[in-house]
Amino acid sequence: QVQLVESGGGSVQPGGSLRLSCAASGSIFSINIMGWYRQGPGKERELAATFTTGGKTDYADSVKGRFTISRDNAKNTVSLQMNSLKPEDTAVYYCYYNRPGRPAYWGQGTQVTVSS
């Protein structure tokens, strides 16, 4: 079992910044991928950004250049710095953990609201 605890999120005006953090605990495999997915109102859950233990990052086209994902392998944490936020970034953001051949784990979700 893996537990994911998220922090951060909240409300911000367009153009503002927020930072999300997630800490994983439990049966952490040395090779894994962690990151963030999001689900906006009336939309399906989609990738925001991910980061593998090997150093590979992946970003949704809509967040490239504005969001930066980082991770600390020793602490099993992953963070998402979100800058230049737009109303369309409004969503519940879910921390994600996965390892080869196993089901993914998800955090409880944290709300990000971008509105003037």
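All of the points below concern the structure found in this document. Quantities reported herein were computed from a predicted structural model and do not represent experimental measurements.

Examining the packing of aromatic side chains
Here's step 1: Summed over the entire model, instances satisfying the criterion amount to four aromatic pairs.
Here's step 2: Consider the rings of Tyr-37 and Trp-106, whose centres lie 5.2 Å apart with planes at 80°: the pair is edge-to-face. Linking Tyr-37 in strand E4 (residues 33–39) with Trp-106 in strand E10 (residues 105–106), this pair joins segments that are 69 residues apart in sequence.
Here's step 3: Each ring, one from Tyr-96 and one from Trp-106, has its centre 5.0 Å from the other, and the planes form 55°; the classification is tilted. Residue Tyr-96 is located in strand E9 (residues 91–98), and its partner Trp-106 is located in strand E10; the two are separated by ten residues in the primary sequence.
Here's step 4: You can call Tyr-96 buried: its relative accessible area is 10%.
Here's step 5: For Trp-106, a relative accessible area of 36% gives the class partly exposed.
Here's step 6: Its end group placed over the ring of Tyr-94, Arg-45 keeps NZ or CZ at 3.8 Å from the ring centre.

Observations regarding the nonpolar core
Here's step 1: Formed by 27 residues in total, the largest nonpolar core has its most connected members in Leu-4, Met-34, Trp-36, Ile-69, Leu-80, Met-82 and Tyr-93.
Here's step 2: The set of elements that each furnish at least two residues to this core consists of strand E1 (2–8), strand E3 (18–26), E4, strand E5 (46–52), strand E7 (67–72), strand E8 (77–82), E9 and strand E11 (110–114).
Here's step 3: Contact partners of Ile-69, with chain neighbours within four places excluded, come to Met-34, Gly-35, Trp-36, Ala-49, Thr-50, Phe-51, Thr-57, Tyr-59, Val-78, Ser-79 and Leu-80.

Points about the state of the cysteines
Here's step 1: Counted by the stated rule, this structure contains one disulfide.
Here's step 2: Between the sulfur atoms of Cys-22 and its disulfide mate Cys-95 the distance is 2.0 Å. Every disulfide takes its handedness from the sign of the S-S torsion; for Cys-22 and Cys-95 that torsion is -85°, giving left-handed. Residue Cys-22 is found in strand E3, and its partner Cys-95 is found in strand E9; the two are separated by 73 residues along the sequence.

Brief notes about the pairing of E7
Here's step 1: Side chains Phe-67, Ile-69 and Arg-71 project from E7 onto a buried face, and the interleaved Thr-68, Ser-70 and Asp-72 project onto a face without burial.
Here's step 2: Connecting the antiparallel pair E7 and E8 is a turn made up of four residues, with Asn-76 showing a positive phi of about 55°.

Calculation rules
Residues numbered from 1 in each chain as written. Predicted model: local features only at pLDDT ≥ 70, side-chain atom pairs only at ≥ 80, totals over all residues. Heavy atoms only, no water. Phe/Tyr/Trp six-rings, centres within 6.5 Å; stacked < 30°, edge-to-face > 60°. Helix = DSSP H or I, 4+ residues; strand = E, 2+ residues; numbered from the N terminus. Buried < 20%, exposed > 50% of the residue type's maximum accessible area, 1.4 Å probe, protein only. Lys NZ or Arg CZ within 6 Å of the ring centre and 35° of its normal. Core = buried A, V, L, I, M, F, W, Y, C linked by side-chain atoms within 4.5 Å. Contact = heavy atoms within 4.5 Å. Disulfide = S-S within 2.5 Å. Pairing = 2+ DSSP bridges.

These results come straight from atomic positions and should not be treated as a statement about function.
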